[in-house]
Amino acid sequence: MIIIKEPPLSTEVILLETTIAAKQQSRIEAIRKSADNIRNSNLLSDTFVSIALEDVEACQHVLRTILGISDLNVVAVKGQYRLLNLTAKDSILDVFAQDSLGRLLNVEIQRRDTVDHARRTRFYSSMIDKSSLDKGLEYDELPDEYVIYISETDLWHAGKAVYKVEKTLGTGETAISYDDGSHIIYVNAEVDDGSAIAKMMRYFKTADPDDMSQGGLSKRVRYLKREKGGYELMCAEAEKLYKLGKEDGHEEGREEGREEGLKEGREEGLKEGIAQAELNHAKEKAEAVIQMLQDKLPVEKIAVYQNMSIDEVRKIEAEMPA
């Protein structure tokens, strides 16, 4: 029986393996930190709201309150939903849902004031249209869609909690209602007019797990912030963002916990990748040196061939089994 022994690891290789182990521990700590940040966020965080509203009951409560449709029934919902576009920019929707009547509903959180909000909602609406009309279908088969744009401040500075985009042909008394099935609603958490929507926006700002005033939404927030299963969801989301950061960076306009997770993922991923490459290279070089030593090549020539010092070659030689 022939026993093939693995070549001994050089001190350099052992050091690199130790470095990678430290990087892996750093990765775990980064994910935990990101999970804690997400968990401590309020519902004006696009990351936290996308996790909270992936629950049908929670999403249904928000949509019923804002749209004033008490019997609206959500049949499917997805957070951080990517709409692919082969020829232009992809879109990632914070929350994308469908109700029992086939209506498509998008909830977006926006905390920055530097964005062209009107064109941003136009972009979301167009992407939803493009994704919802299969080839061969007629235009009248396009489903009704709602883009609900929630902001921390009053974007339009008119002192209203809710702004609904009204479309008409013409103006004044002769105006004709224009219904193309596309609805855009702006909601803000700054103006408190005493309405049910304003009360819910107050809750959005606190996301207090002890406040059970918002039905299914309150139950979901309490679960995410107080129960073990909720924390596991936070960790899973943080790890997903970390991996996304390692692969392709962050999308413009995605901030808070998502941006932090992506940033940490990119940085740690780059460090891990470099360390792993160095480790692989060191192992290959050590194996090549051992093979040359076994073939009785002079130490001086091995050092030249492998671009190493003579001392480095002798160090590997000394660690070889007798």
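As the structure is a prediction and not an experimental result, all values here were calculated from the model.

Definitions and cut-offs
- Residues numbered from 1 in each chain as written.
- Predicted model: local features only at pLDDT ≥ 70, side-chain atom pairs only at ≥ 80, totals over all residues.
- Heavy atoms only, no water.
- Core = buried A, V, L, I, M, F, W, Y, C linked by side-chain atoms within 4.5 Å.
- Buried < 20%, exposed > 50% of the residue type's maximum accessible area, 1.4 Å probe, protein only.
- Helix = DSSP H or I, 4+ residues; strand = E, 2+ residues; numbered from the N terminus.
- Contact = heavy atoms within 4.5 Å.
- Pairing = 2+ DSSP bridges.
- Axes fitted to C-alpha atoms, helices over the stretch in contact; angles between N-to-C directions.
- Salt bridge = Lys/Arg side-chain N within 4 Å of Asp/Glu carboxyl O.
- Phe/Tyr/Trp six-rings, centres within 6.5 Å; stacked < 30°, edge-to-face > 60°.
- Lys NZ or Arg CZ within 6 Å of the ring centre and 35° of its normal.
- Expected span 1.5 Å × (residues − 1).
- Polar contact = N/O pair within 3.5 Å; in protein donor to acceptor, adjacent residues only side chain to side chain.

Participant: Looking at this model, I keep getting lost on the nonpolar core. Mind explaining?
Facilitator: Proteins that are soluble and globular tend to have nonpolar side chains buried together. Ranked by size, the top nonpolar core spans 42 residues in total, and within it L43, L53, L63, I150, F204 and L217 carry the most contacts. If one sorts the elements of this core by residue count, helix α3 (residues 56-67) sits on top with 6 residues. With sequence-adjacent residues up to four places away left out, I150 is seen in contact with L44, I66, V107, E108, I109, Q110, V187, M201 and F204. Residues L83, Y149, L155 and Y186 belong to the second largest nonpolar core, which totals 14 residues.

Participant: Sorry, what's going on with the sheet that holds strand β3 (residues 104-110) here?
Facilitator: Strand pairing within a sheet occurs via backbone hydrogen bonds; the two strands may be parallel or antiparallel. Across the sheet, which stays open at both edges, the 6 strands sit in the order β1-β2-β3-β4-β8-β5 with mixed pairing between neighbours. Single-partner strands in this sheet number two, and they are β1 (74-83) and β5 (162-164). The sheet shows a mean angle of 20° between the axes of neighbouring strands, direction not considered. With 7 bridges joining them, strand β4 (residues 145-151) and strand β8 (residues 182-188) adopt parallel strand pairing. Within β8, the residue paired with Y149 across the bridge is Y186. Against the sheet, helix α4 (residues 117-132) makes contact with β1, β2 (91-99), β3, β4 and β8, and its axis sits at roughly 145° relative to β4, the strand it touches most. Packed onto the sheet, helix α5 (residues 196-206) meets β3, β4, β5 and β8 and runs at close to 60° relative to β8.

Participant: Sorry if this is basic, but what is going on with the pattern of salt bridges here?
Facilitator: Oppositely charged side chains can pair when the atoms bearing their charge come close. Under the defined criterion, the tally for this structure stands at 10 salt bridges. One salt bridge in this structure joins K78 and E54, with 3.7 Å as the shortest N-O distance. Of the two residues, K78 sits in strand β1 while E54 sits in the loop between α2 (46-52) and α3, which places them 24 residues apart along the sequence. According to the relative accessible area criterion, K78 is partly exposed, its value standing at 41%. Assessed through its relative accessible area of 32%, E54 is described here as partly exposed.

Participant: How should I be thinking about the packing of aromatic side chains in this particular structure?
Facilitator: For any pair of aromatic rings, geometry is given as the distance between the ring centres together with the angle between the planes. Under the criterion given, the structure shown has 4 aromatic pairs. One aromatic cluster is present, formed by Y149, W156 and Y186 through successive ring pairs. Directly above the aromatic system of F48 lies the positively charged group of K225, at a separation of 5.3 Å from the ring centroid.

Participant: Whenever I open this one, α3 confuses me. Can you help?
Facilitator: An ideal rise of 1.5 Å per residue puts 16 Å on 12 residues; α3 measures up with 16 Å between its terminal C-alpha atoms. Among the residues making up α3, those that are buried are A58, C59, Q60, V62, L63, T65, I66 and L67. The backbone nitrogen of E57 lies 3.3 Å from a side-chain oxygen of the residue at the head of α3, namely D55. Once α3 ends, the next one or two residues include G68, with phi positive near 70°.

Participant: Got a minute to help me understand the environment of T47 in this structure?
Facilitator: You can see T47 is positioned in helix α2. The spatial distance from the C-alpha of T47 to the C-alpha of Q80 is 7.9 Å, given a sequence separation of 33 residues.

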